[in-house]
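# What the coordinates show
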Amino acid sequence: MRVAIASDHGGFGFKEPLARYIESLGYEVEDCGPDSFDRVDYPDYADIVARKVANQEADYGVLICGTGLGMAITADKVAGVRAATVTSHMFAKLARQHNNANVLCLSGRFVSLVDNMDFVRTFLGTAFEGGRHERRIKKIMREDDPNFTGVTSDR
Ligand code: RB5
């Protein structure tokens with residue numbers, strides 16, 4: 001399993017420890033930057049990781065910014081990506097079980113490293129449940145289709 005990871009300056013302090021931790025769990029990790037605490041724009045790094053997941057160059061993405069919000073908003077705009085900002089153990093689990101999320105977005109400023117390690121381990125180690133959630137995932141993904149004109153009476 002390949003995991004692409006990136007951050008902005010708000011998440012940079014956690015990127016390296018999380019990358020090492022993910023490797024220790026047995027995953028292959030690709031660090032997509034940045035390489036210093038210098039201020040950068042989170043959409044640039046969200047884009048790099050999201051496209052790697054969308055192009056199947058990575059199975060999962062992990063993105064860390066100050067809140068985890070800007071990363072998720074950006075990554076989710078890339079077709080094929082389901083990005084989730086996770087701030088609790090249960091959200092990490094449900095993002096996989098119900099939403100089949102493939103990009104995990106974390107907060108470097110409002111969540112501890114230890115909690116983020118738990119979220120990463122939980123997220124990567126939890127399978128999509130399928131079943132009734134399969135239909136909903138298909139409905140999420142129709143938003144990627146430029147020909148989809150929106151929900152009508154046919155739900
Ligand atoms: C950068 O200051 C901050 O806006 C960013 O890290 C993130 O929290 C955006 O959502």
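The coordinates are above.
All values reported here derive from a predicted model rather than from experimental measurement. (Residues numbered from 1 in each chain as written. Predicted model: local features only at pLDDT ≥ 70, side-chain atom pairs only at ≥ 80, totals over all residues. Heavy atoms only, no water.)

### Remarks on the sheet that holds strand 2 (residues 28-31)
In spatial order, the strands read 2-1-3-5-4; together these five strands make up an open sheet with parallel pairing. This sheet does not close on itself; its edge strands, each paired only once, are strand 2 and strand 4 (83-85). Within this sheet the neighbouring strands show an average axis-to-axis angle of 20°, counted without direction. Examined bridge by bridge, strand 4 and strand 5 (residues 103-107) share three bridges and lie parallel to one another. Counted as the bridge partner of Ala 84 is Leu 104 from strand 5. Contacting strand 1 (2-7), strand 3 (60-65) and strand 5, helix 5 (residues 113-124) crosses the sheet at an angle of about 170° to strand 5. (Pairing = 2+ DSSP bridges. Helix = DSSP H or I, 4+ residues; strand = E, 2+ residues; numbered from the N terminus. Axes fitted to C-alpha atoms, helices over the stretch in contact; angles between N-to-C directions. Contact = heavy atoms within 4.5 Å.)

### Some words on unusual backbone geometry
A negative phi angle characterises most non-glycine residues, just as the trans form characterises most peptide bonds. A cis amide bond links Gly 33 with the next residue in sequence, Pro 34, at an omega value of 0°. Its identity is not glycine, yet Asn 100 carries a phi of approximately 50°, on the positive side. Tracing the sequence through the fold places Asn 100 in the loop between helix 4 (89-97) and strand 5. For Asn 100, a relative accessible area of 18% gives the class buried. (Buried < 20%, exposed > 50% of the residue type's maximum accessible area, 1.4 Å probe, protein only.)

### A look at the site of the ligand
Taken together, Asp 8, His 9, Tyr 42, Cys 65, Gly 66, Thr 67, Gly 70 and Arg 109 make up the full set of residues near the ligand. Here an oxygen atom of the ligand and a backbone polar atom of Thr 67 are 3.0 Å apart. At a separation of 2.8 Å, an oxygen atom of the ligand approaches a polar backbone atom of Gly 70. Of the residues belonging to the shell around the ligand, the class tally is two nonpolar, four polar and two charged. (Near = heavy atom within 4 Å. Polar contact = N/O pair within 3.5 Å; in protein donor to acceptor, adjacent residues only side chain to side chain. Nonpolar A, V, L, I, M, F, W, Y, C, P; charged D, E, K, R; others polar.)

### Notes on the nonpolar core
Ranked by internal contacts, the top residues of the largest apolar core, which has 23 residues, are Ile 5, Ile 22, Val 62, Leu 106, Phe 123 and Leu 124. Elements supplying a minimum of two residues to this core: strand 1, helix 1 (12-24), strand 3, helix 4, strand 5 and helix 5. Apart from the residues lying within four places of it in its own chain, the contact partners of Ile 22 are Val 3, Ile 5, Tyr 27, Val 29, Val 62, Val 120 and Leu 124. Residues Ala 46, Ala 58, Ala 75 and Val 78 belong to the second largest nonpolar core, which totals 19 residues. (Core = buried A, V, L, I, M, F, W, Y, C linked by side-chain atoms within 4.5 Å.)

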